[in-house]
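Here is what each chain is made of, one letter per residue.
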Amino acid sequence: MLVFILNAGSSSLKYQLMNPVTKETLAAGICERIGIDGLLKHEFGNDQELKIDVNMPTHKEAIELVLRTLTDGEGKVIDSIDDIEAIGHRAVHGGEEFASSVMVTDKVIETMKKLIPLAPLHNPANIMGMEICQELMPGKPNVAVFDTAFHQTMPDYAYMYALPKDQYTKHGIRKYGFHGTSHFFVSNEARKMLDKKHNTRIIVCHLGNGSSVSAVQDGECIDTSMGLTPVQGLMMGTRAGDVGAGALQYMMSQENITIDEALNIMNKKSGILGISGKSSDLREVLEGMQEGDDNCRLAVDMVAYNIKKYVGAYVAALDGIDALCFTGGIGENAALIREKVCAGLDAMGLVIDPVKNNKRSREARDIATNGSSSRIFVIPTNEEYVIANDTFKIVSGLEK
């Protein structure tokens, strides 16, 4: 089965064409600057890349261009869109309504529309992608795979905020968590590497421009760092992470700004960018630190310290740990961050091997010392495979 995987953003659209049975990816790419001008970056074959500058007024023109590129011309990988058997969509927010992936129906779309206030930037684009695919490829099954679904196993004492209870009952204000497809994939890969399916206690650190940590017990999430929205939790590329409400109110009064302006600062001007004053890209900040920039040094130390605090808290929540996992662009590539996070965690059974840690590899690997009682894994994530595989199982009737 060939699955067309779609991740529709507000002004961009990422895609892959994958066979979930063989895990072969025939093509992948991104449409950028939709509604502005338009650029398609299409990867296919043996590291071949095609770039097309073309006007994309809406997501419909972007998806039409992708389908033409897949089936015709230099970037062709299939003969016809008839070769695509199903479409799998990344859906950011499923609230409490979706605890697993589902076939897209009119009812599902209507429910997602009701959840737009919880994800005003993401859900409308996700819905748009589904409706356009239904129009351009009529009759083909569409499946929605939710970022929040994996975290729906959290117990109430973990997902509730200590606000008046009616804020939850009336408005659904609670912790939902995100990056669920990554946390699901990595935690399951860790269980395979541990060769242990039961009584497993795994912490996953998904670290990139957006970052989150999850505590996973026997394959189910019991807590995660992101909350009602992705701004809560770890310090990220441009997001502030955990900030006290009093600090937010004080900043607003001192700067004479509205709540929307304050949230814009917390989401787009804070985190690694805000502290370093240099970049939201940790690679550039690490270079700045090496050059003696103390703001960059502070940003790196804060990133590692924030992750370490969550790891310690989740070891307590899990009553121990079998494996600590690093994934995402930073988690997979920033050896210094992994080293700083693990420093001093020997008492928890986490002892990192500096040689293994500094060895670069694209493969999943164990970077703990042989004598470490708990394992430390670096596992490349594969969220697209999760979307493709869920789509395959639902369309094939393997998952009811």
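Check the entry above for the structure.
These numbers come from a predicted model, not from an experiment. (Residues numbered from 1 in each chain as written. Predicted model: local features only at pLDDT ≥ 70, side-chain atom pairs only at ≥ 80, totals over all residues. Heavy atoms only, no water.)

(A) Structural detail: the sheet that holds strand E8 (residues 142-146). One open sheet accounts for 8 strands, arranged E5-E4-E3-E2-E1-E6-E8-E7; its pairing is mixed. Each having just a single partner strand, strand E5 (48-53) and strand E7 (102-103) make up the two edges of the open sheet. Two strands pair when backbone bridges link them, and strand E2 (residues 13-19) and strand E3 (residues 24-32) are joined in this way by 7 bridges, in the antiparallel orientation. Following the sheet pairing, Tyr 15 is matched in E3 by Gly 29. On the sheet, helix H3 (residues 123-136) packs against strand E1 (3-8), strand E6 (86-91) and E8 and is oriented at approximately 170° with respect to E6. (Pairing = 2+ DSSP bridges. Helix = DSSP H or I, 4+ residues; strand = E, 2+ residues; numbered from the N terminus. Contact = heavy atoms within 4.5 Å. Axes fitted to C-alpha atoms, helices over the stretch in contact; angles between N-to-C directions.)

(B) Broad picture of the state of the cysteines. The full count for this structure, using the stated rule, is 0 disulfides. Considering cysteine sulfurs only, Cys 133 is the nearest to Cys 31, which forms no disulfide, with 12 Å between them. (Disulfide = S-S within 2.5 Å.)

(C) Inspection of the nonpolar core at higher detail. Counting 39 residues, the largest nonpolar core has Ile 203, Cys 205, Ile 307, Val 311, Leu 324 and Ile 337 as its most contacted members. With 10 residues, the single largest contributor to this core is helix H11 (residues 294-317). Judged by nonpolar contacts, the second largest core, of 27 residues, contains Val 216, Cys 221, Ala 323 and Tyr 385. (Core = buried A, V, L, I, M, F, W, Y, C linked by side-chain atoms within 4.5 Å. Buried < 20%, exposed > 50% of the residue type's maximum accessible area, 1.4 Å probe, protein only.)

(D) Quick peek at H3. Between the first and last C-alpha of H3 there are 20 Å, a value that for 14 residues agrees with the 20 Å anticipated at 1.5 Å per step. If you check which residues of H3 are buried, you get Asn 123, Ala 125, Asn 126, Ile 127, Gly 129, Met 130, Ile 132 and Cys 133. (Expected span 1.5 Å × (residues − 1).)

(E) Geometry of the environment of Gly 9. Residue position: Gly 9 is located in the loop between E1 and E2. Residues Gly 9 and Ile 34, spaced 25 residues apart in sequence, show a C-alpha to C-alpha distance of 9.4 Å. Those residues within four positions of Gly 9 in sequence are excluded, and the remaining contacts are His 59 and Ala 125.

(F) Summary view of the pattern of salt bridges. Throughout the structure, instances matching the rule amount to 17 salt bridges. A salt bridge links Lys 60 to Glu 135, with the nearest nitrogen and oxygen atoms 2.7 Å apart. Placement of the pair is Lys 60 in helix H1 (residues 59-71) and Glu 135 in helix H3, with a sequence separation of 75 residues. A relative accessible area of 27% places Lys 60 in the partly exposed class. Residue Glu 135 is classed as partly exposed on the basis of its relative accessible area, which comes to 47%. (Salt bridge = Lys/Arg side-chain N within 4 Å of Asp/Glu carboxyl O.)

(G) Molecular detail of the sheet that holds strand E10 (residues 212-217). Spatially, 6 strands are ordered E11-E10-E9-E12-E14-E13 in an open sheet, and the strand pairing comes out mixed. Only two strands of the sheet have a single partner each, and these edge strands are strand E11 (220-224) and strand E13 (365-366). The sheet contact formed by E10 and E11 spans 4 bridges and is antiparallel. Paired with Ser 214 across the bridge in E11 is Thr 224.

(H) Quick peek at helix H2 (residues 106-114). Turning to H2, its buried residues are Val 108, Ile 109, Thr 111 and Met 112. Mapping the buried residues of H2 onto a view down its axis gives an arc of 160°, with all of them on the same face. Summarising the geometry of H2, the exposed residues directed more than 90 degrees from the buried face are Asp 106, Lys 107 and Lys 114. In this structure, the buried residues of H2 make contact with E6, E7, H3 and E8. (Arc of directions from axis to C-beta.)

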